[in-house]
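One-letter residues, chain by chain:
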Amino acid sequence: MNNTILVMGAGSWGTALALQLARVGHMVYIHSWKDTHNTQMIRDKHNHSYLPDVDFPANLIAINDWQSVIHQCDDILMATPSVGFVKTLEAIKPHLTSTQGVISATKGFCHHSYQLLDQMAEDILKDNPFGLITGPSFAKEVAKGLPTAILAASKRNDYAKHIQLLFNSDNFRCYTSTDVTGAEIGGAVKNALAIACGISDGLGFGANARAGLITRGLNELTQLGLTLGGKLETFYGLSGLGDLLLTCTDNQSRNRRFGVLVGQGKSIDEACNEVKQVVEGIASANAVYKLAQKHNVSMPIVEAVYSILHENQDMRTTAHALLTRSLKAEN
């Protein structure tokens, strides 16, 4: 099955997924919102800004004008930062036929309403098939073809299987789920928790503290996810526990790196500039905190990250308050 796919977003993740789709044998077009970035990729046939070590194969083509190719594409892969997700959907919607599907590779929430992105997509797309791809995967490793396991989720099981077939290969194992809510919660909340682990490590709190944060963070993620309608088994799968472990423990994670820098005393702006990519966990911490407050879900780790990033609270004082909370049973 060879399809034609348009990738909207040419950061490291969008480019890595475009490379994977091209390896499977699909015709892939990739578009950046920056014209200069498109010009560079067209000229050099690689993404110098994000994945300079991996050349584009012949069936992966960078383009300036996405409108000239969208009509011939079977699916559109959204790989924009969450802040640009809705705007990009609204731009492509008038050009879509009812049979063209949209796949989200974006993790996070709507920055204004704190809705899940699939809820925004359903409102905009109406009848178009929609799904997402998520799970424990660093862009550089996917780009190099290293073994990866990932989740394709859609409320329509047939479309989840379609996404699975689009991406699956010997080194890229793709599983399916119809629990879109659970898959999205895992992908969004883990970014805030990765910042918490990074801050802890930056403060020198050690491996014991990191393990505790991951374990209790999974509990917080699960409680919010269940409240919003996700399924328990999803949170212990690839898009929940899997993605959380990856993001909290390896410095390829921009959210973890950001947290380490903040823990070491860098300002938020200084840490963002050093990471040099969008740190989704900053906005996610705000959205998750507001959702937890709205639904009366206790998320003390997320609350601590929120207070540090958005209320300028002292890190050590906040960490001490987290460690000295009232004693309770684990479950």
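Higher on the page you've got the structure.
This is a predicted model, so every value here is computed, not measured. (Residues numbered from 1 in each chain as written. Predicted model: local features only at pLDDT ≥ 70, side-chain atom pairs only at ≥ 80, totals over all residues. Heavy atoms only, no water.)

*Asks:* What exactly am I supposed to notice about empty space enclosed by the protein here?
*Replies:* Picture a little ball the size of a water molecule; that probe, rolled over the atoms, points out where space is still empty. Counted according to the given criterion, the structure contains one cavity of 30 Å³ or more. If you add up the space inside the largest cavity, you get close to 80 Å³. Those elements giving two or more residues to the lining of the largest cavity turn out to be β8 (130–134) and α7 (180–202). With four residues, the single largest contributor to the lining of the largest cavity is α7. Within the lining of the largest cavity, the residues separate by chemical class into five nonpolar, five polar and two charged. (1 Å grid on protein atoms, 1.4 Å probe; cavity = no way out; pocket = protein on both sides within 12 Å on 5 of 7 lines; lining within 4 Å. Points joined across faces, edges and corners; volume = space filled by probe spheres on them. Helix = DSSP H or I, 4+ residues; strand = E, 2+ residues; numbered from the N terminus. Nonpolar A, V, L, I, M, F, W, Y, C, P; charged D, E, K, R; others polar.)

*Asks:* Looking at this model, I keep getting lost on the sheet that holds β8. Mind explaining?
*Replies:* Pairing between the strands of a sheet is mediated by backbone hydrogen bonds and can be parallel or antiparallel. Spatial strand order, β5-β2-β1-β6-β7-β8-β9-β10: eight strands in an open sheet with mixed pairing. If you trace the sheet from one side to the other, it starts and ends with β5 (60–62) and β10 (172–177), each paired once. Across the sheet, the axes of successive neighbouring strands diverge by a mean angle of 25°, strand direction being ignored. With three bridges connecting them, strand β2 (residues 27–31) and β5 associate as parallel partners. When the bridges of β5 are listed, Tyr29 appears paired with Ile61. (Pairing = 2+ DSSP bridges. Axes fitted to C-alpha atoms, helices over the stretch in contact; angles between N-to-C directions.)

*Asks:* Which parts of the structure should I look at to understand the packing of α7 against helix α10 (residues 238–249)?
*Replies:* Packed helices, taken two at a time, are described by the angle between their axes plus the distance between the axes. In the contact formed by α7 and α10, the axes pass within 8 Å of each other and the chain directions differ by 25°. Accordingly, the angle class assigned to the pair α7 and α10 is roughly parallel. The crossing of α7 and α10 is right-handed. Packed against α7, whose contacting residues are Gly182, Ala183, Gly186, Gly187, Lys190, Asn191, Leu193, Ala194 and Cys197, the element α10 presents Ser239, Gly240, Asp243, Leu244, Thr247 and Cys248 at the interface. Looking at side-chain class alone, the contact of α7 with α10 contains six nonpolar, seven polar and two charged residues. (Parallel < 35°, antiparallel > 145°, perpendicular 65-115°, else oblique. Left-handed = near helix turned anticlockwise from the far one by under 90°. Contact = heavy atoms within 4.5 Å.)

*Asks:* Quick question: what am I supposed to make of the packing of α7 against helix α13 (residues 280–295) here?
*Replies:* Put simply, α7 and α13 touch, their axes get as near as 8 Å, and they point 110° apart. Taken together, the axes of α7 and α13 lie roughly perpendicular to each other. Mapping the contact onto sequence places Ala188, Val189, Asn191, Ala192 and Ile195 in α7 and Glu280, Gly281, Ile282, Ser284, Ala285 and Val288 in α13. Class assignment for the residues of the contact of α7 with α13 results in seven nonpolar, three polar and one charged.

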